[in-house]
Amino acid sequence: MNVICIPVYLDNMRVADNKKPLWMKAGKSLLRYTFEAACRARKFDRIMIATNSGEIEQHVSSWGAQVVRSEAEHSNGTRRVAEAVYRTANCAEVIVNLQLNEPEMPGAYLDALVSGVGKAGSITTLAAPFPELDSSDKNTVKVIVSKAGRALYFTRSIMAGAKQHLGCYGFKVQHLERIADMPTSAIATAERLEQLEWIDNGMEVSVIRVDRGCSAINTEEDWERWQPPTDENRVII
């Protein structure tokens, strides 16, 4: 069994409105658009949302998605995913953490993580070149990738040779078990990027290179510019 889990909470320090998951456009929330993006993948048996919020749980239940209530406090989204998987899907082969801000994530990219985790045996994520997106955008996460296809560093700062990082990760259960008990990392705290915690604690992160990035919703301005998928690309839930 393969699982996609979207971790959600109502407290985003990078935006003034802390109800980012519930931002609405064309009658749907950002969270629902991201959930529907997950539904376009073909290699998964379950898609669920992990949250500490009763308001999010009520919202998600209104359109029929599976929701798992997690503890109120987690230092990052992957720890929230780890709790949800432990409680409901600990026999999963591959677990993908899809971040809320990726409503354009192609299903094929998510499917690629299943193959990538199986081949590499390590945590796996995605990166793309910067053909159209501004590589100097401080809200866009960037990744430096080694010749062997391993992530060396993640940052929001400008860095030569960096690729655009896409907000999703593929794990095995044992990866999540280790992350759940992992000590905090000063560098991850400074950059506010959880994946640096894994690297700092000796875990490898393999990177699959894709041809094209996605328009992530990092800020309110991104949301104002973003246009929902056309009707023929939508998933009906």
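Note on numbering: residues in each chain are counted from 1, in written sequence order. For a predicted model such as this one, the threshold for reporting local features is a pLDDT of at least 70, and the threshold for listing and counting side-chain atom pairs is 80 or more; totals across whole chains, interfaces and linings nevertheless cover every residue. Excluding hydrogens and water, the side-chain values take into account all heavy atoms of the structure.

**Student:** Kindly report on the overall build of the chain, identifying the contributing residues and their values.
**Tutor:** Helices and strands together make up the secondary structure of the chain, namely eight helices and 11 strands. C-alpha atoms define the radius of gyration, and 2.2 Å times the number of residues to the power 0.38 defines the globule rule. Whereas a compact globule of 237 residues would reach a radius of gyration of roughly 18 Å, the chain reaches 16 Å, a difference of no more than 12%. Here the C-alpha coordinates of the chain stretch approximately 45 × 40 × 35 Å along the principal axes. Whether a residue is buried, partly exposed or exposed follows from its accessible area with a 1.4 Å probe, protein chains only, as a fraction of its type maximum: under 20%, in between, or over 50%, in that order. The proportion of buried residues among the 237 residues of the chain is 57%. Of the roughly 11000 Å² of accessible surface on the chain, 47% is carried by carbon and sulfur atoms. In the chain, the 28 positive side-chain charges and the 30 negative ones have mean positions that sit 4 Å from each other. For helices the rule is a DSSP run of H or I covering at least 4 residues; for strands it is a run of E covering at least 2, with both sets numbered from the N terminus onward. Methods summary: accessible areas were calculated by the Shrake-Rupley approach with a probe of 1.4 Å, and residue burial reflects only the protein chains presented. All tallies of charge rest on Lys and Arg as positive and Asp and Glu as negative; His and the ends of each chain are not included. Think of each charge as sitting on NZ of Lys, CZ of Arg, CG of Asp or CD of Glu.

**Student:** How would you sum up the side chain of Thr 78? Please name residues and give values.
**Tutor:** With respect to the helices and strands, Thr 78 occurs in helix α3 (residues 77-88). Two N or O atoms form a polar contact when they lie within 3.5 Å of each other; inside protein one atom must be a possible hydrogen donor and the other a possible acceptor, and for residues adjacent in sequence the pair counts only when both atoms belong to side chains. Of note is the side chain of Thr 78, whose polar atom sits 2.9 Å from the side chain of Asn 97. Leave out the neighbours within four places in its chain, and Thr 78 touches Asn 97, Phe 171, Leu 176, Ile 179, Glu 194 and Trp 198. We call two residues contacting when some pair of their heavy atoms lies within 4.5 Å.

**Student:** An account of the environment of Val 81 is needed here, citing residue identities and associated values.
**Tutor:** Position of Val 81 relative to the elements: it lies in helix α3. Residue classification places Val 81 among the buried positions, given a relative accessible area of 0%. In this structure, the C-alpha to C-alpha distance between Val 81 and Glu 57, residues 24 residues apart in sequence, is 15 Å. Each residue touching Val 81, except ones within four places of it in the same chain, is listed here: Cys 5, Pro 7, Ile 95, Asn 97 and Leu 176.

**Student:** So what's going on with the environment of Ala 216? Residues and values would help.
**Tutor:** Along the chain, Ala 216 falls in the loop between β11 (205-209) and α8 (220-225). C-alpha separation for the pair Ala 216 and Ala 180, spaced 36 residues apart in sequence, amounts to 26 Å. For Ala 216, the residues in contact, after removing those within four places along its chain, are Asn 101, Glu 102 and Asp 222.

**Student:** Talk me through the pairing of strand β9 (residues 151-155); I want residue IDs and the actual numbers.
**Tutor:** Bridge analysis of strand β8 (residues 142-145) against β9 gives four bridges, and the strand direction is antiparallel. Along β9, the bridge assignment pairs Val 145 with Ala 151. Two strands form a pair only when DSSP identifies at least two bridges running between them. Here β8 folds back onto β9, and the loop between the two strands holds five residues, one of which, Gly 149, carries a positive phi near 85°.

**Student:** I'd like to hear about the pattern of salt bridges, residue by residue, with values.
**Tutor:** The term salt bridge refers to a pairing of a side-chain nitrogen on Lys or Arg with a carboxyl oxygen on Asp or Glu at a separation within 4 Å. Tallied over the entire structure, the rule returns nine salt bridges. Between Glu 83 and Arg 87 there is a salt bridge, and its shortest N-O distance comes to 3.3 Å. Of this pair, Glu 83 and Arg 87 both sit in helix α3, four residues apart, which is roughly one turn of that helix. Judged by its relative accessible area of 48%, Arg 87 is partly exposed. Across the pair Lys 172 and Glu 93 runs a salt bridge, and its minimum N-O distance is 3.9 Å. Of the two residues, Lys 172 sits in the loop between β10 (163-171) and α5 (173-180) while Glu 93 sits in the loop between α3 and β6 (94-98), which places them 79 residues apart along the sequence. When salt bridges that share partners are traced, they join Lys 28, Arg 32 and Glu 36 into one network.

**Student:** Go over unusual backbone geometry with me, naming the residues and quoting the values.
**Tutor:** Here Ala 26, not a glycine, exhibits a phi torsion of approximately 55°, which is positive. Relative to the helices and strands, Ala 26 resides in the loop between β2 (24-25) and β3 (28-29). Residue classification places Ala 26 among the exposed positions, given a relative accessible area of 56%. Unusually for a residue other than glycine, Arg 192 sits at a positive phi of about 55°.

**Student:** So what's going on with the nonpolar core? Which residues, and what values?
**Tutor:** Residues Ile 4, Leu 31, Ile 49, Met 105 and Leu 110 are the most contacted members of the largest nonpolar core, which totals 39 residues. Elements with a contribution of two residues or more to this core: β1 (2-8), α1 (30-39), β4 (46-51), α2 (54-61), β6, α4 (107-120), β7 (123-128) and β10. Excluding residues within four positions of it along the chain, Leu 110 makes contact with Ile 4, Ala 37, Ala 38, Ala 41, Phe 44, Val 96, Leu 98, Met 105 and Cys 168. With 32 residues, the next largest nonpolar core counts Ala 82, Ile 123, Tyr 169 and Ile 179 among its residues. Nine residue types can take part in a nonpolar core, namely buried Ala, Val, Leu, Ile, Met, Phe, Trp, Tyr and Cys, and a core is a set of them joined through side-chain atoms within 4.5 Å.

**Student:** Describe in detail the packing of aromatic side chains, supporting the description with residues and values.
**Tutor:** The geometry of an aromatic ring pair is captured by the separation of the ring centres together with the interplanar angle, meaning the angle of the planes. Classification of ring pairs rests on two measures: the distance between centres of Phe, Tyr or Trp rings, Trp counted by its six-membered ring, which must be within 6.5 Å, and the angle between planes, read as stacked under 30 degrees, edge-to-face over 60 and tilted in between. This model, assessed by the stated rule, comprises eight aromatic pairs. Ring plane angle 40° and centroid distance 6.2 Å describe the contact between Tyr 169 and Phe 171, whose orientation is recorded as tilted. With 5.0 Å between their ring centres and 80° between their planes, Tyr 169 and Trp 198 make a pair best called edge-to-face. Of this pair, Tyr 169 sits in strand β10 while Trp 198 sits in helix α7 (residues 194-200), and the two are 29 residues apart along the sequence. No difference in accessibility class separates Tyr 169 from Trp 198, as the two residues are buried. Following the ring pairs from residue to residue traces out a cluster consisting of Trp 23, Tyr 33, Trp 223 and Trp 226.

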